[in-house]
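Letter by letter, the chains look like this.
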Amino acid sequence: MISEKFENSFERKTRTFEYIHYREQVAVITGAGGGLGRIYALELASRGARVVVNDPGPARDGLGMSSAPADQVVNEILSKGGEAFANYDSVATPEGGEAIIQAALNAYGRIDILIHNAGILRDKTFVNMVPDLWDPVLAVHLDGAYHVTRPTVQAMKQQGYGRILLTTSTSGLFGNFGQANYGAAKMGLVGLMNCLKLEVNKYDICINCIAPTAITRMTEDLLPPEFTELLKPEAVSPLVLLLSSRQCPANGEIYCAAGGYFGRIALIAGEGVWFREKSSLSPETLAAAWERVSSLRGAREHSDANQVLLSLLSTQPTQKTNERPNQIPEGLTIANAFSGLEKRFNSKAAQGLEVIYQFIISGEEASEWQVIIKDQSCNVIPGVHEHPTTLLKIDGQDFLLLVSGCRSAAETFAAGKLIIEGRPGPAQRLERLFQL
Ligand code: NAI
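All values reported here derive from a predicted model rather than from experimental measurement. (Residues numbered from 1 in each chain as written. Predicted model: local features only at pLDDT ≥ 70, side-chain atom pairs only at ≥ 80, totals over all residues. Heavy atoms only, no water.)

Undergrad: Tell me what's going on with a nonpolar patch on the surface, and back it up with residues and numbers.
TA: Taken together, Trp274, Val308, Leu309, Leu312 and Leu313 make up a surface patch of nonpolar side chains, about 370 Å² in accessible area. On the secondary structure map, leucine 309 appears in helix 11 (residues 305–314). Given the relative accessible area of 39%, leucine 309 is considered partly exposed. (Patch = residues over 30% accessible without salt bridge, like charges linked within 9 Å, V, L, I, M, F, W, Y side chains within 5 Å. Areas by Shrake-Rupley, 256 points an atom, 1.4 Å probe, with all protein chains shown as cover. Salt bridge = Lys/Arg side-chain N within 4 Å of Asp/Glu carboxyl O. Helix = DSSP H or I, 4+ residues; strand = E, 2+ residues; numbered from the N terminus. Buried < 20%, exposed > 50% of the residue type's maximum accessible area, 1.4 Å probe, protein only.)

Shown next, in the form of structure tokens:
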């Protein structure tokens, strides 16, 4: 079997992990009629998944249509005792995307895995890239992801489980001559993942991007033929299978796979420079500091846009640090710190805000507290809320340092002592809400 053959080429130690299977699971793979998608379909089916092999069978540039590629893959799966059916809808339209996912739901009643793999190429240098070359490429890769992912997320949310893989490319992540359309679409998928991961993680839905390299119909004239043996699609599929599994170890991340190499690619933000004297800020002062502005020394990854802001604010030079108290007031406990929050509440700062903060306090005074803000009023209740908007995990001592004004929320966060989950935006308003 394909998976066995491939497993044998790996180090024995990988076998110490639990065998990964997809029994009782349903996988939809777009563009699975050939190339990489075909291998994903065969491998997932060989490990028990029921597979929807989607492919309208166009040529590499997206023109034409044929049911043969998807049918052939389905026949291969069936001949090996697997379960699959073909779907020929195009991902490039909302109706097509809806029809693909609905077909999976009609046949199997659920969808556990979505691999958006469909792709076409229409390369040209940018000035010659007329809309006929731009639009269809964006429609298949980027719009296609939207068209299939949206109905999939609806189904996965109801199930409380799902794994989604989008296919990006080093052409978008790093650039490739003559592929502005393709690169824009592929990088757009990273933006889609970055935002969607924040909405779905509480439903046990993981979404990741893969950047594969393999010699297929798409790349056979772009990659050197001497690498045909090395760059087989089979060398990419272990990553796809792992990220599609219950054991998926990542969420919101980008992984690269090529010829047996696997690695992570990430966006990072440099430390940057704060200018104290705003009056002397000019393009020239910026030019003089350019080496530090552009440096990536000490660069960090951030889990969302709010964390970027919190992190850079935490490095802002401020006189306030010297004015801060340096001791927790005597007798201040977690319980009276929480009951004090209601008195400190600044209702004006809560205009238009409806949020349920769930604090998880660890340490000696470990406890849980809900802070519910609605209609410009604040209600603090001990215990756990079923559906908090924002979860804040913090050690009791760090919480007391925060409420007594010894540390800012941004400093506490930057030091890794405040963990924010769920919607992070409201966490930024804590200081103004409670005049910390
Ligand atoms: P491929 O051309 O063999 O596979 C793409 C499949 O998508 C084809 O079977 C095609 O019929 C199908 N497809 C095209 N338009 C479709 C539509 N509207 N709806 C549904 N299916 C459609 O190419 P390959 O290499 O297997 O590519 C798979 C994915 O990997 C693509 O998204 C590609 O951009 C990406 N990729 C591949 C790389 C490589 O080195 N092969 C490099 C980076 C990314």
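Undergrad: So what about the nonpolar core? Which residues, and what values?
TA: If you look at the biggest cluster of nonpolar residues, it comprises 37 residues, and the most contacted ones within it are Val28, Ile164 and Leu166. Only strand 1 (26–29), helix 4 (94–108), helix 5 (131–159), strand 5 (162–167), helix 7 (180–200), strand 6 (205–213) and strand 7 (254–258) provide two or more residues apiece to this core. Top element by residues in this core is helix 5. It accounts for seven residues. Look past the residues within four positions of leucine 166 in its chain and what remains in contact with it is His116, Ala145, Thr149, Leu189, Leu192, Met193, Ile207, Asn208, Cys209 and Ile210. In this structure, Tyr22, Ile29, Tyr40 and Ile210 belong to the second largest nonpolar core, which totals 34 residues. (Core = buried A, V, L, I, M, F, W, Y, C linked by side-chain atoms within 4.5 Å. Contact = heavy atoms within 4.5 Å.)

Undergrad: How would you sum up helix 5? Please name residues and give values.
TA: Here helix 5 contains 29 residues, and its C-alpha end-to-end distance of 40 Å stays within 8% of the 42 Å for a straight helix at 1.5 Å per residue. If you look at helix 5, its biggest bend is around 40 degrees, right at aspartate 143. Directly beyond the C-terminal end of helix 5, a positive phi value near 75 degrees is found at glycine 160. (Expected span 1.5 Å × (residues − 1). Bend = angle between axes of the 7 residues up to and from the residue.)

Undergrad: So what about the environment of phenylalanine 275? Which residues, and what values?
TA: Positionally, phenylalanine 275 belongs in the loop between strand 8 (261–265) and helix 9 (283–288). A sequence separation of 41 residues divides phenylalanine 275 from glutamine 316, and the C-alpha atoms of the two residues are 8.9 Å apart. Those residues in contact with phenylalanine 275, other than ones at most four positions away along the chain, are Leu281, Thr285, Leu286 and Ala289.

Undergrad: An account of the site of the ligand is needed here, citing residue identities and associated values.
TA: Lining the immediate surroundings of the ligand are 29 residues, of which Leu36, Asp55, Asn117, Tyr182 and Thr216 lie closest. Here an oxygen atom of the ligand sits 3.4 Å away from a polar atom, N or O, in the main chain of alanine 118. Bound to the protein, the ligand loses 96% of the 810 Å² it would expose on its own. At the level of elements, helix 2 (35–46), helix 5, helix 7 and strand 6 are the ones that each hand at least two residues to the shell around the ligand. (Near = heavy atom within 4 Å. Polar contact = N/O pair within 3.5 Å; in protein donor to acceptor, adjacent residues only side chain to side chain.)

Undergrad: Help me get a handle on the packing of aromatic side chains, residues and values and all.
TA: Going through the model one piece at a time under the given rule, you end up with seven aromatic pairs. Seen in terms of ring centroids, phenylalanine 85 and tyrosine 108 are 5.7 Å apart; in terms of plane orientation they differ by 50 degrees. Their pairing is tilted. Of this pair, phenylalanine 85 sits in strand 3 (residues 83–87) while tyrosine 108 sits in helix 4, placing them 23 residues apart in sequence. Taking 5.2 Å as the distance between ring centres and 70 degrees as the angle between the ring planes, the aromatic pair formed by phenylalanine 338 and phenylalanine 359 counts as edge-to-face. Of the two residues, phenylalanine 338 sits in helix 13 (residues 334–344) while phenylalanine 359 sits in strand 9 (residues 355–362), which places them 21 residues apart along the sequence. (Phe/Tyr/Trp six-rings, centres within 6.5 Å; stacked < 30°, edge-to-face > 60°.)

Undergrad: Can you explain the pattern of salt bridges? Please cite residues and give values.
TA: Enumeration over the complete set of coordinates arrives at eight salt bridges. Its salt-bridge partner being arginine 38, residue glutamate 76 comes within 2.9 Å of it at the nearest N-O pair. Of this pair, glutamate 76 sits in helix 3 (residues 68–79) while arginine 38 sits in helix 2, and the two are 38 residues apart along the sequence. In this structure, glutamate 253 and arginine 264 form a salt bridge, with 3.6 Å as the shortest nitrogen-oxygen distance. A residue pair is termed long-range when its members are at least 10 positions apart, and glutamate 253 in the loop between helix 8 (237–243) and strand 7 and arginine 264 in strand 8 qualify at eleven residues. When salt bridges with common partners are traced through the structure, they connect Glu253, Arg264 and Glu301 into a single cluster.

Undergrad: Describe the sheet that holds strand 10 (residues 367–374), listing the residues and the values that go with them.
TA: Ordered by their spatial adjacency, five strands build an open sheet running 11-10-9-12-13, and the pairing between neighbours is mixed. Of all the strands in the sheet, just strand 11 (377–382) and strand 13 (418–422) have a single pairing partner and so form its edges. Direction aside, the axes of adjacent strands within the sheet are offset by 20 degrees on average. Bridge analysis of strand 10 against strand 11 gives six bridges, and the strand direction is antiparallel. Along strand 11, the bridge assignment pairs isoleucine 373 with cysteine 378. Its contacts with the sheet place helix 13 against strand 9, strand 10 and strand 11, and it is angled at close to 0 degrees to strand 10. In the packing of helix 14 (residues 396–403) onto the sheet, contacts are made with strand 9 and strand 12 (390–395), and the angle to strand 12 comes to roughly 105 degrees. (Pairing = 2+ DSSP bridges. Axes fitted to C-alpha atoms, helices over the stretch in contact; angles between N-to-C directions.)

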